[in-house]
Amino acid sequence: MATDWAAVVERYRDGAELPSMPGARTLKVTGADDGYIYVSHRLWQDKITRAYLEKAMTLLDEGRMTRNYGDVIDHYRTYIADERPTTAATILKDLGYLD
């Protein structure tokens, strides 16, 4: 299920509100470009790196990483990057990669 990054940019270019883990606040995507997806929360702003998300997508497609939303956070942190793994999981779920 390889995702075309241009489709990701188009999806998030004008922003989006993504439901987070149960009990967490909604994640606001503020934009996207060739290198990042930009996000904000009530207390912070950051960006999620395209290369890290694409690595996760590959591992998920190959069945080498769990598709369980709650478990993928630790896997993402361990196998990919310690760059806002909960936020990355929320984006991956929105893109259809997680259960």
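See the structure printed just above.
Residues numbered from 1 in each chain as written. Predicted model: local features only at pLDDT ≥ 70, side-chain atom pairs only at ≥ 80, totals over all residues. Heavy atoms only, no water.

1. Details of the overall build of the chain
Next, step 1: A count of helical and extended segments in the chain gives four helices and four strands.
Next, step 2: In sequence order, the secondary structure elements of the chain are arranged as α-β-β-β-β-α-α-α.
Next, step 3: Scaling as 2.2 N^0.38, a compact globule of 99 residues should have a C-alpha radius of gyration of about 13 Å, and the chain matches this with 12 Å.
Next, step 4: Principal axes of the C-alpha set define a box for the chain whose edges measure 30 × 30 × 20 Å.
Next, step 5: Within the chain, the fraction of its 99 residues that count as buried is 37%. (Helix = DSSP H or I, 4+ residues; strand = E, 2+ residues; numbered from the N terminus. Rg over C-alpha atoms; globule rule 2.2 N^0.38 Å. Buried < 20%, exposed > 50% of the residue type's maximum accessible area, 1.4 Å probe, protein only.)

2. Remarks on helix 2 (residues 50-61)
Next, step 1: Spanning 12 residues, helix 2 covers 16 Å between terminal C-alpha atoms, matching the ideal 16 Å at 1.5 Å per step.
Next, step 2: Buried positions along helix 2 lie against helix 1 (5-12), strand 3 (36-40), strand 4 (45-49), helix 3 (69-79) and helix 4 (85-94).
Next, step 3: Downstream of helix 2 by a residue or two, G63 has a phi angle that is positive, lying close to 75 degrees. (Expected span 1.5 Å × (residues − 1). Contact = heavy atoms within 4.5 Å.)

3. Concerning the environment of S40
Next, step 1: Take S40: it is sitting in strand 3.
Next, step 2: Sequence spacing of S40 and D4 is 36 residues, and the spatial spacing of their C-alpha atoms is 23 Å.
Next, step 3: Setting aside residues no more than four positions away along its own chain, S40 makes contact with L27, K28, T30 and Q45.

4. What about the nonpolar core?
Next, step 1: In this structure, Y12, I37, L53, Y76, I91 and L92 are the most contacted members of the largest nonpolar core, which totals 30 residues.
Next, step 2: Of all the secondary-structure elements, those providing two or more residues to this core are helix 1, strand 2 (27-32), strand 3, helix 2, helix 3 and helix 4.
Next, step 3: By residue number, the principal contributor to this core is helix 2, which donates five residues.
Next, step 4: Every residue in contact with I91, bar those within four places of it in the chain, is listed here: Y12, L18, L27, I37, V39, I48 and L53. (Core = buried A, V, L, I, M, F, W, Y, C linked by side-chain atoms within 4.5 Å.)

5. Remarks on helix 1
Next, step 1: Burial in helix 1 covers these residues: W5, V8, V9 and Y12. Looking straight down helix 1, one finds that the buried residues subtend no more than 100 degrees of arc, so they occupy a single side.
Next, step 2: Close packing links the buried residues of helix 1 with strand 1 (16-18), strand 2, strand 3, helix 2 and helix 4. (Arc of directions from axis to C-beta.)

6. Overview of unusual backbone geometry
Next, step 1: Non-glycine residue R84 carries a positive phi angle of around 45 degrees.
Next, step 2: As for its placement among the helices and strands, R84 is situated in the loop between helix 3 and helix 4.
Next, step 3: Since its relative accessible area comes to 30%, R84 is described here as partly exposed.

7. Some points on the packing of helix 2 against helix 4
Next, step 1: Orientation of helix 2 relative to helix 4, taken along the N-to-C sense of each, is 60 degrees, at an axis distance of 11 Å. With respect to helix 4, the axis of helix 2 lies oblique. You can see that helix 2 and helix 4 cross each other, and the crossing is right-handed. Residues L53, A56, M57 and L60 of helix 2 form the contact with helix 4, whose own contacting residues are A88, I91 and L92. (Axes fitted to C-alpha atoms, helices over the stretch in contact; angles between N-to-C directions. Parallel < 35°, antiparallel > 145°, perpendicular 65-115°, else oblique. Left-handed = near helix turned anticlockwise from the far one by under 90°.)

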